[in-house]
Every structure is written in C-alpha cells, then in structure tokens.
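Descriptive structure summary
The lines below spell out each chain.
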Amino acid sequence: MVATLPPKPETYGRAPGWPPDDGGNRDNGGGFDKPSPPPSAYRLGMGLALVSIFMLFVAFTSAYVIRQGQGQDWQPINLPVVLWLTTALLLLSSVTLERARQRLRHGDELMCNRWLTATTLLGLGFLIGQFVAWRQLAADGIYINTNPHSSFFYMLTAAHGLHLAGGLVGLGYITVKMWRQSYQLALAAGLWTHPKKELAIDLMSLYWHFMDGLWVYLFVLLFAWT
Amino acid sequence: MEPTTTIHHHAPPSSFIRKYIFSTDHKIIGLQYYFLALVAAFIGMGLSLLMRIKLAWPTETWPTLAALFPEGFAGGQMKPEFYLAMLTMHGTIMVFFVLTTAPQGGFGNYFLPMQIGAADMAFPVLNMLSFWFTFVGFVVLMAAFFVTGGAPISGWTGYPPLSALGQIAGPGLGLGQDLWVISIAIFCVASLLGALNFISTMLNMRTKGLDLFKLPLTCWAWFTTAVLALLAFPVLLAGGVLLLLDRNAGSSFFLPEGLIVSGKVINRSGGSPILWQHLFWYFGHPEVYIAILPGMGATSQILATFARKPVYGYRAMVIAIFAIGLLGFFVWGHHMFVSGMSPFSGLAFSVITLTIGIPSAIKTFNWLGTLWGGRIRFTSAMLFSIGFVSLFVSGGVTGMVLGQSSLDLFYHDTYFVVGHFHMIMGVAAIFAMFAGTYYWFPKMFGRMMHEGLGRLHFWLSFIGVYAIFVPMHILGVMGHPRRYAQSTAYEFLGSALPLHEFITVAAIIMALGQFIFLFNLFWSMKKGAKAPDNPWEATTLEWATSSPPPFDNFGGRQLVVHHGPYEYSVPGAPKDYIMQTDPPLAVAKH
C-alpha cells in the first residue's frame, strides 16, 4: 500500500524515500507497484473507442452517399427477409443486457447471469442470421461485386459483424466469469468485486447498445434511404 | 495524509521478455516506438538518397548498386519503376513510421504519464498492443520490398485508379500494393488504440493539484494530436478497406467506367477516384498536424527552459494548438485543387487554409516572445528548437502560397510542393524530435549526450536542410514536375541538372551528419557523463524523479502540484526556476 508522502520543500535533489540511485542503469529502482486507473478512465476509454468506430462508419456512409450519386450502375438489392429477424434479435439483446445490469445493481447475481447468458445467445443468433442473409443473397446470385449496392451491403454488414463479434467475445468472457464466480470456481485468480462487475457490465452495455444502434442505422441506410 | 484508494496490480516484471519485449511499462514502450522510428528513419533516408542519385546523375551507371538491387538497377541504371517504388516507400515509411510514431508514440508515451505525475498510461496492456500493432504494420510494409513485382509504385497517397488495379497497371501493384494497404490498416488500428489511451490518461490520471491549465504545453500537444488521430485514422481505415475490396473482391468504389489499362478494358464501372482523395485527405491533412503538433509542444517547453523565461502567452498557445487541430479538419480540399473540384469549394478550402496562418502566427510570435530578452543557453536541444521555429516559418510561408488555389494549379505537381512539405512536415518535425532527444536523453538514460557532437549535428542538419529544400522551390518555380524519375527527357529542364547535383551533394553530406547523431546516441548511452535528476534546471514533473526513473516513475510518491509549468525567473524566488512540485512561495509572483 502506498501512502501519500508530504512534499519535501527544502530538498531539490533526491528526497528521502526515493529509490536509490542505480547509477544510470535501467532498472526498476525500488520495485514499486503501479496504481490502477479510476473507473472513469475505463468509461472514457470505451467512449473514445466508440467515437473512432463512429468515425469509421461516418466515412463509410459518406462513401455510400457519394457512390450512390455516381455512375449508372446502382441497383438496390432486395432486402433479405431474415434481416428483420436479426434486427429483432439484436434489439432484444439490448433489452436483456439492460435487465442484467439492473439485476446486478439490485444484487441479484443469479438473474444477472441468466440475462447475460440470454444476451450472449441473442448476439450469437444475430451473427448467424447475418450469415444466413449472406448465403441467401449468394444463392440468388448476388455477390460483393454484383453492383455497388451489394458491395456496400456485404462490406457494411461485415464491418459491423466484426465489431459485434468482438463485443460478443467480451460479453462471453464476462458471462463465463460471472457464472464461474457464482459457483466459487474462481476463488483465487482475479476475483471481481461488485463494483468491478458493474463496471464490466456498464462498459459492455455501452459497446453493445452502440452496436445495436449502429445496426439499426445501417439497416435504414441500406434499405430505406434512397 | 490520506491513503490512496487504488488497488495495485502492476508489479515490475522480472523476466527479460516481460520487461523489455512485451512490456506494459509506458517508458519501455516509448523507447520501443522511438527505436522503431529510428530504424524506419534511416531506411527512409537511404531510399531518398537512391532517388537523389538518379536525379542528379541520370545517365551514370552504378555497378555497386546494380549488385545490391539486381532488379531495380538492371544494367547499372535505376529503372523508373524502381524510382517510383522508392518514392512510395520513402513517403509511407517517413509519414507513418517516423513522423507519426516518434513524436507521439515515442516521446508522448514516455513523458505524458510522467508530466502529469502518473505511474503509467491508463491502459498499459492496450499500450503494449498499440506498439506491437505498429511493429507488425512496419514488418508488413517492409515485406513489400521482397514480393513478386516489388514495392508499390502508387505513391504514399495511394491514388486510384493506379493503386486499385493489380499487376496489370505496373510492377509492385500486385501483392506489394496489397501489403501496403494492409500495413496502413494495421497502423490505423494501432494509432486508434494509442490515441484513446492518451486522451483517457491525460483526463483521468493527473496528480493532485495539476489542473488542466497547469499542464505543460507538450501534454496539450499530445492530447490534441490524439484527438486528431482518433477522428482521422478511422477515415483512412475506411478508405483502406474499400481499396482492398476494389483490389481483391471485384467491387468498384474507386474505379471509373471505361478504364483502359495496357490495352485492356477494365471491367468495372461507376466508381470515383476522387472519392479516395476525399477519404484520404480527410485523414491526410490532420495527419500533417499529427506530425507537427508534438514538435510544437516540445519546442515551447525547450525554448522556455533554455531561455529561462515562462512561455509567452501560455493560454494563447493552448488555444492556438486547438485552433490548428480544429481547422486542420476543414482544409483537406486544398490537396485537391487540381482534381477538378468546383471553384467555389476551392475558394472555401483556400480561405480556411489561409486562416490556419493565424494560430500558426500566434505560436511563432509567442516562441519569439519567449526568446526575447531571455538568458539563452545554446544547448543542442535549444539549437534544434530554434531550428524548428525557423523551419516552421520557412515552410509555413510557402504554405500560404500553395493554399491559394490559383497558384496551386501551377505549383501542385512541381518540386515546389516537395520543398514545402519537406520543410514543414518533414524536417521541422524531425528537428523537434532531435530537440526532444537532446533534451530528454538524460532523463531516459541517466546520462548526458555529447554537446559538441550535438552542435556539429545541428549545424550540418540546419545548413543541409536549407541547402536541400530551398533549391527545390526554385525547381518548382521553373515548372519542374515532381515524381518523375527521368527529367532529362524535357529540354527545358536541362538547366536544372546542376541544381539537382547540388541538392544531392547536400543530401549526402546531411545524411552523413545523421550518423554523427546515431553515434552520439549510442555512445552516450554507455559512456556519457552521469546525468543529475534535473540537469537543465527545468520545472515540469518528469524532472522531479531520478534519472532514469524507477518503474513506477516517482518511487511510490504521489506528487502534489503547486505551480504552473513554466515558472522561470520569478521575481523574489530563491532560484531562477520553480518546479511544479515546489511548495507555494511566500512572495508575490508578479
């Protein structure tokens, strides 16, 4: 444990309590530990990650809008019906994640774990559904190089899907860890305290809801916006 | 005395791999970035010398080079496509792996946490990842030299249609170009991870008493740079993804209709090469500031330290940094005046571009104001900082010329532009890196660099830069096109040959000067005089610890800040500098 030392106003050289002079060798000095950042840093970090993802899709959108106005080759593809289902799954997963957060806040860990599991499964279902949509389009002879709209469809769904898959890894990690901890399987290594659990789920939900909103936006962009 | 509430979990690693290779310590990561940039800089410099040799002595044969590069120097003379590959790789290496890497990833990583009194960055593991992504990006880029067709020839801006086509359009445009795009994409991800770490660190990890307006200007510069990176790199990444799809998946985002290459009709339609230019320069212009803002921060810091005066107009400097960063996002179109855009948008881009002159002038005048009446110590670090100001002015003035669309129409594809951006974005930023190296070396390695060698390095570099890049402006005024390997084909350029020879000789001498730096760097690490904790009698927090710093920077102490960052020569103070951690003074400050 590190305590705050009062400043040593009278000395400008090496104050007492400093690590010994190691003679210019690169060394650890005194071997002190480093403190962790505050939770606000994690929230800001996640927020900033989302800003950069947002910018990525802003760039894709402007390319989409400009490309649509160029050339005579823009032929909108028909909306694969399965996308309605995947959209519903993803929206639902945001709801279940909120339930998980709420249950944890009330200290009901078991229900929290269940809602988390549901969220993970729904997320997985969404990705499978997106893949099915790709397969259907390919079966209809619509590929990435068929026309610019299909290029954008594949590219945007892939970009979003990759980001969502990343989120799913995080969600899966949290879910497994929470279940293990509930069953006292992770007693020794890296046990999460309650605030840490809340932080983990808070960060996860920021990301997940963003991915959810992003998908709705892409859905509208691809199939409603002309 | 209140106990800290944080939980400790980053113990100092003991194994070599954890300590020096996959380190999560910001200081080691900073050094990793720095040395990666150093290697990249020397490779990039070597490529530029090869180009210079071709330009100065176009008809000579070089048997030694032919032995080294049997493909590129077939018959002893450099082939034009090899020249273009050199040009592309020189630009890419320098812009991404030197100018973006060293000032931010190197010095920023090392000194941002220390200057805010923190033990590390907010996310050390992310920090490690961002370095290793950068490293992998560099390796992928280097691999382009060694694949079929060789390195890409589309220039560091990767303009389609050339870059979007395969080998059919030229050597290096097959796998080499793919590797180029992939390398840039990896670099984008690395920069994003780094940027969010910088911002979170500066906003959340400051020590007690260090409010935002007590931060050194270096911190403000790194912070603003990180914001720019966070907003600009995703756009380049988006462009890279689309380009990769155009190259490999048959899409047509950037390929126009009816393109005929090597006598064959390209079966794509409707895309727009200009779209790439918009995406690229939306990133590319802020990138200029990503390269130069950290240099501005370091210069402000160093000028104040060695003039023994506070930075003149601290708040104005902070505002100017932000203004430059903000305006940097609205001027990308000035790279595209010749793309056939509407004259009205050209006018808008022109006006906003010229507006950047205002915050730039504020910064320049404030640097001069800081120097004015100071008791100047001409150390190597100080010389390079003054050199930075000089180059910033020289390069900036020609920016005003190019910012006007009517003038740019003539100058755009000439050496005038090459001279301009090398002055301001290239060597001004590199001078700031040298300044930072001479200034911070004692803290990083616990030893002093050799001052005599440092000064020799400075004068060779300073005179060299002007000898190389001023004549390029003259070439530009003559109408000498850039990017051409063989200028002898044009009769009117015959008179330019002596100028090319002069530039090349100057470049070779300057390159030799850089080896003096390299020698000084490594020699001083081992044999330099022992450095005290605060050899320059500076005020900021990194000097409030041992040289080199311990693993957690401040040996378990939490610093308390009572002073602004640049309290030099305060009337009534016992010494001519007051460190930020010194107790409040009883005397009135003004």
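These lines cover the structure that appears in this document, whether it is placed above or below.

Basis of the calculations
- What you see as residue numbers is a count from 1 along each chain, following the sequence as written.
- Just so you know, chain letters begin at A and ligand numbers begin at 1, following the order they were written in.
- At least 70 in pLDDT is required for a residue's local features to be given in this predicted model, at least 80 for side-chain atom pairs to be given and counted, and no such filter applies to totals for whole chains, interfaces and linings, which use all residues.
- Excluding hydrogens and water, the side-chain figures rest on all heavy atoms present in the structure.
- Helix and strand assignments come from DSSP, with helices taken as H or I runs of at least 4 residues and strands as E runs of at least 2, each series counted from the N terminus.
- A radius of gyration in this sense is built from C-alpha atoms; the matching globule rule multiplies 2.2 Å by the number of residues raised to 0.38.
- Exposure is judged per residue with a 1.4 Å probe applied to protein chains only, and the accessible area is read against the type maximum: over 50% gives exposed, under 20% gives buried, and values in between give partly exposed.
- Residues count as neighbours in contact if any of their non-hydrogen atoms are within 4.5 Å of one another.
- What sets the accessible areas is the Shrake-Rupley method with a 1.4 Å probe; for residues, cover comes only from the shown protein chains.
- Charge convention: Lys and Arg are scored as positive, Asp and Glu as negative, and His as well as the terminal groups of each chain are ignored.
- We put the charge of a Lys on NZ, of an Arg on CZ, of an Asp on CG and of a Glu on CD.
- The angle between two axes is taken between their N-to-C directions and runs from 0 to 180 degrees, where each axis is a line fitted to C-alpha atoms and a helix contributes only its stretch in contact.
- In this scheme, roughly parallel covers angles under 35 degrees and roughly antiparallel covers those over 145, while 65 to 115 is roughly perpendicular and the rest are oblique.
- A crossing counts as left-handed when the near helix is turned anticlockwise from the far one by less than a right angle, and as right-handed when that turn is clockwise.
- Following the grouping adopted for this structure description, the nonpolar residues are Ala, Val, Leu, Ile, Met, Phe, Trp, Tyr, Cys and Pro, the charged ones are Asp, Glu, Lys and Arg, and the polar ones are all others, Gly among them.
- A helix is expected to reach a length of 1.5 Å times the quantity of its residues less one.
- The bend reported for a residue corresponds to the angle between axes fitted to the seven residues ending at that residue and the seven starting there.
- Centres within 6.5 Å make a pair out of two Phe, Tyr or Trp rings, where for Trp the six-membered ring is used; the pair is then stacked when the planes are under 30 degrees apart, edge-to-face when over 60, and tilted otherwise.
- In the sections that follow, a salt bridge refers to a side-chain nitrogen of Lys or Arg positioned within 4 Å of a carboxyl oxygen of Asp or Glu.

This part covers the overall build of chain B. Counting its secondary structure elements, chain B contains 17 helices and 5 strands. Rg of the C-alpha trace for chain B: 24 Å, near the compact-globule value of 25 Å for 590 residues, within the 12% margin. With respect to the three principal axes, the spread of C-alpha positions in chain B is 80 × 55 × 50 Å. The 590 residues of chain B split such that 64% are buried. Excluding contacts between residues fewer than 6 apart, the proportion of contacts in chain B whose partners are at least 24 apart in sequence is 79%. When the accessible surface of chain B is summed, it comes to about 20400 Å², and 72% of that surface belongs to carbon and sulfur atoms. Computing the positive centroid from 29 side-chain charges and the negative centroid from 23, chain B places the two 8 Å apart.

Take the packing of helix α2 (residues 26–56) of chain B against helix α6 (residues 124–143) of chain B next. Residues and elements named next belong to chain B. Two numbers describe how α2 lies on α6: the axes approach to 10 Å, and their chain directions differ by 15°. Comparing their axes, α6 and α2 come out roughly parallel. The chirality of how α2 crosses α6 is left-handed. Every residue of α6 that contacts α2 at H26, I29, Q32, Y33, L36, A40 and I43 is listed here: P124, N127, M128, S130, F131, W132, T134, F135, F138 and M142. Residues that form the contact of α2 with α6 fall into these classes: 12 nonpolar, 5 polar and no charged.

The next thing to look at is helix α4 (residues 80–99) of chain B. All names here are of chain B. With 20 residues, α4 ought to run about 28 Å at 1.5 Å a step, and its terminal C-alpha atoms sit 27 Å apart, in line with that. Approximately 25° is the largest bend angle found in α4, and it occurs at I93. Within α4, 17 of the 20 residues are buried, which leaves the element mostly enclosed by the surrounding structure.

Time to look at the packing of aromatic side chains. All names here are of chain B. Per the counting criterion, the structure on display carries 80 aromatic pairs over all chains. Here Y282 and W332 contribute two aromatic rings whose centre-to-centre distance is 5.4 Å and whose plane-to-plane angle is 70°, an arrangement assigned as edge-to-face. Taken as a pair, Y282 in helix α9 (residues 273–307) and W332 in the loop between α10 (314–327) and α11 (343–355) lie far apart in primary sequence, 50 residues in all. Pairing W367 with F392 gives two aromatic rings, centres 5.7 Å apart and planes at 80°, and the pair type is edge-to-face. Here W367 is found in helix α12 (residues 357–371), whereas its partner F392 is found in helix α13 (residues 380–402), with 25 residues between them in sequence.

Residues and elements named next belong to chain B. Each neighbour pair has its own omega, and for P160 with P161 the value is 5°, a cis peptide bond. One can find P161 in the loop between α6 and α7 (175–204). The step from S547 to P548 runs through a cis peptide bond, and the omega angle for that step is -10°. Relative to the helices and strands, P548 resides in the loop between α17 (497–527) and β4 (567–568). The phi torsion at S262 lies on the positive side, around 50°, for a residue other than glycine. In this fold, S262 is placed in the loop between β2 (260–261) and β3 (264–265). Residue classification places S262 among the exposed residues on the basis of a relative accessible area of 59%. Positive phi values are uncommon outside glycine, yet R308 reaches one of about 55°. Along the chain, the position of R308 falls in the loop between α9 and α10.

By the element assignment, A:R67 lies in helix α1 (residues 39–68). Residues in contact with A:R67, not counting those within four places in the same chain, are A:D73, A:W74, A:P148, A:F152, B:S252, B:F253, B:S269, B:G270 and B:G271.

Scanning the entire structure with this criterion turns up 15 salt bridges over all chains. For the salt bridge of B:R377 with B:E537, the shortest nitrogen-to-oxygen distance reads 3.3 Å. A residue pair is termed long-range when its members are at least 10 positions apart, and B:R377 in the loop between α12 and α13 and B:E537 in the loop between α17 and β4 qualify at 160 residues. Residue classification places B:R377 among the partly exposed residues on the basis of a relative accessible area of 29%. For B:E537, a relative accessible area of 30% puts it in the partly exposed group. Linked by salt bridges that have partners in common, A:R43, A:E98, A:R101 and A:D202 make up one network.

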